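Coordinates in review
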Amino acid sequence: MPHSKRQDPRSPLHLLKLFALYAVLFTTLAAFAMLVTQVSLEGDHIVFVSLVLLLASIAAVVVTARHASAGRWDSTDDMAERLAGGKR
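Scoring rules and cut-offs
Residues numbered from 1 in each chain as written. Predicted model: local features only at pLDDT ≥ 70, side-chain atom pairs only at ≥ 80, totals over all residues. Heavy atoms only, no water. Salt bridge = Lys/Arg side-chain N within 4 Å of Asp/Glu carboxyl O. Helix = DSSP H or I, 4+ residues; strand = E, 2+ residues; numbered from the N terminus. Buried < 20%, exposed > 50% of the residue type's maximum accessible area, 1.4 Å probe, protein only. Phe/Tyr/Trp six-rings, centres within 6.5 Å; stacked < 30°, edge-to-face > 60°. Axes fitted to C-alpha atoms, helices over the stretch in contact; angles between N-to-C directions. Parallel < 35°, antiparallel > 145°, perpendicular 65-115°, else oblique. Contact = heavy atoms within 4.5 Å. Nonpolar A, V, L, I, M, F, W, Y, C, P; charged D, E, K, R; others polar.

Quick look at the pattern of salt bridges
- Evaluated as defined, the whole model comprises one salt bridge.
- Between Lys17 and Glu81 there is a salt bridge, with its nearest N and O atoms 3.0 Å apart. Taken together, the positions of Lys17 in helix 1 (residues 12-36) and Glu81 in helix 3 (residues 75-83) put the pair 64 residues apart, joining distant regions of the chain. Both residues of the pair, Lys17 and Glu81, belong to the buried class.

Quick notes on the packing of aromatic side chains
- Using the criterion set out here, one finds one aromatic pair in the structure.
- For the pair Tyr22 and Phe26, a centre-to-centre distance of 6.4 Å together with 20° between the ring planes defines the contact as stacked. Taken as a pair, Tyr22 and Phe26 lie in helix 1 at a separation of four residues, close to a single helical turn.

A few points about the packing of helix 1 against helix 3
- Axis separation between helix 1 and helix 3 bottoms out at 8 Å; the angle between their running directions is 90°. Taken together, the axes of helix 1 and helix 3 lie roughly perpendicular to each other. Contacts from His14, Lys17, Leu18, Ala20, Leu21 and Tyr22 of helix 1 reach helix 3 at Thr76, Asp77, Met79, Ala80, Glu81 and Leu83.
- Along the lines of polarity and charge, the residues of the contact of helix 1 with helix 3 split into seven nonpolar, two polar and three charged.

If you want it as structure tokens, here you go:
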């Protein structure tokens, strides 16, 4: 099924929305992991927190690229559009 211009899975705006969705997901997972392991934001842990956030960003970039290379519209794309206030 051909995609309309609004549903182009490889458009730059849509890729930005996908990245935002994955960044929120991975940052939330990292925050939960830090909560479970009781890592605080005080003292020397700021380096650890920065590293975790950097790794979450890298993971979001990798997953966004893999998702975009598939070129299919699926439920993840719908979630990204809804997160950014787009398609309903």
